[in-house]
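Coordinate analysis (summary)
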Amino acid sequence: MGPPLREILTPGELAEALELSNGQLAWLADARGWERDARGPRAENYTYLWRPRRDGPPRLIERPKRRLKEIQRLLLRHRLACDGPPRGEEDDPERPRAHPSGASPGSNR
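Residues numbered from 1 in each chain as written. Predicted model: local features only at pLDDT ≥ 70, side-chain atom pairs only at ≥ 80, totals over all residues. Heavy atoms only, no water.

Re the overall build of the chain
Counting its regular elements, the chain contains four helices and two strands. When the helices and strands of the chain are read in sequence order from the N terminus, they spell out α-α-α-β-β-α. Across the 109 residues of the chain, 16% fall into the buried class. Carbon together with sulfur atoms contributes 51% to the accessible area of the chain, which is approximately 9100 Å² in total. (Helix = DSSP H or I, 4+ residues; strand = E, 2+ residues; numbered from the N terminus. Buried < 20%, exposed > 50% of the residue type's maximum accessible area, 1.4 Å probe, protein only. Areas by Shrake-Rupley, 256 points an atom, 1.4 Å probe, with all protein chains shown as cover.)

Focus: the nonpolar core
Membership of the largest hydrophobic core is limited to eight residues, which are Ala-15, Leu-18, Leu-20, Leu-25, Leu-28, Leu-68, Ile-71 and Leu-74. Of all elements in the fold, only helix 2 (22–29) and helix 4 (66–83) reach the threshold of two or more residues within this core. Element by element, the count of residues in this core is highest for helix 4, at three residues. (Core = buried A, V, L, I, M, F, W, Y, C linked by side-chain atoms within 4.5 Å.)

What to know about unusual backbone geometry
Of note in this structure, Glu-19 is not a glycine but carries a positive phi near 60 degrees. With respect to the helices and strands, Glu-19 occurs in the loop between helix 1 (11–17) and helix 2.

Observations concerning the pattern of salt bridges
Evaluation of the coordinates by the stated rule reveals two salt bridges. For Glu-70, the salt bridge goes to Arg-66, with nearest N and O atoms at 3.2 Å. Of the two residues, Glu-70 and Arg-66 both sit in helix 4, four residues apart, roughly one turn of that helix. Ionic pairing is found between Arg-67 and Glu-70, a salt bridge with its closest N-O pair at 3.8 Å. With a gap of three residues between them, Arg-67 and Glu-70 both fall in helix 4, about one helical turn apart. By relative accessible area, which is 34% here, Arg-67 ends up partly exposed. In this structure Glu-70 comes out as partly exposed when scored by relative accessible area, which is 34%. One network of salt bridges, with partners in common, ties together Arg-66, Arg-67 and Glu-70. (Salt bridge = Lys/Arg side-chain N within 4 Å of Asp/Glu carboxyl O.)

Details of the packing of aromatic side chains
Tallying each qualifying case throughout the model produces one aromatic pair. For the ring pair Tyr-46 and Tyr-48, a centre distance of 6.5 Å and an interplane angle of 40 degrees mean the geometry is tilted. A relative accessible area of 25% means that Tyr-46 is categorised as partly exposed. (Phe/Tyr/Trp six-rings, centres within 6.5 Å; stacked < 30°, edge-to-face > 60°.)

Structure below.
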């Protein structure tokens, strides 16, 4: 990827910063719901897995593929570097810390 991201105001600037074409960014963002109509795993941005639960129906896991995951992590790192943690969260010992994946301890019940 290119240099560190700066303030980005438009989708075109985001595509340029990520070294993507506007079409590639639109596909990864799935702004038009193309993922729903994709034909075959090569056209999808996610891998879909069904996992059984002890009690209840199976759980659908939608796991981003490598390229999308790399971009999501880059954007998260940029966001945290620019803004830091949300206000007040860094000082609240009662608030559970989220895993880098976005899950909080005990939230998958």
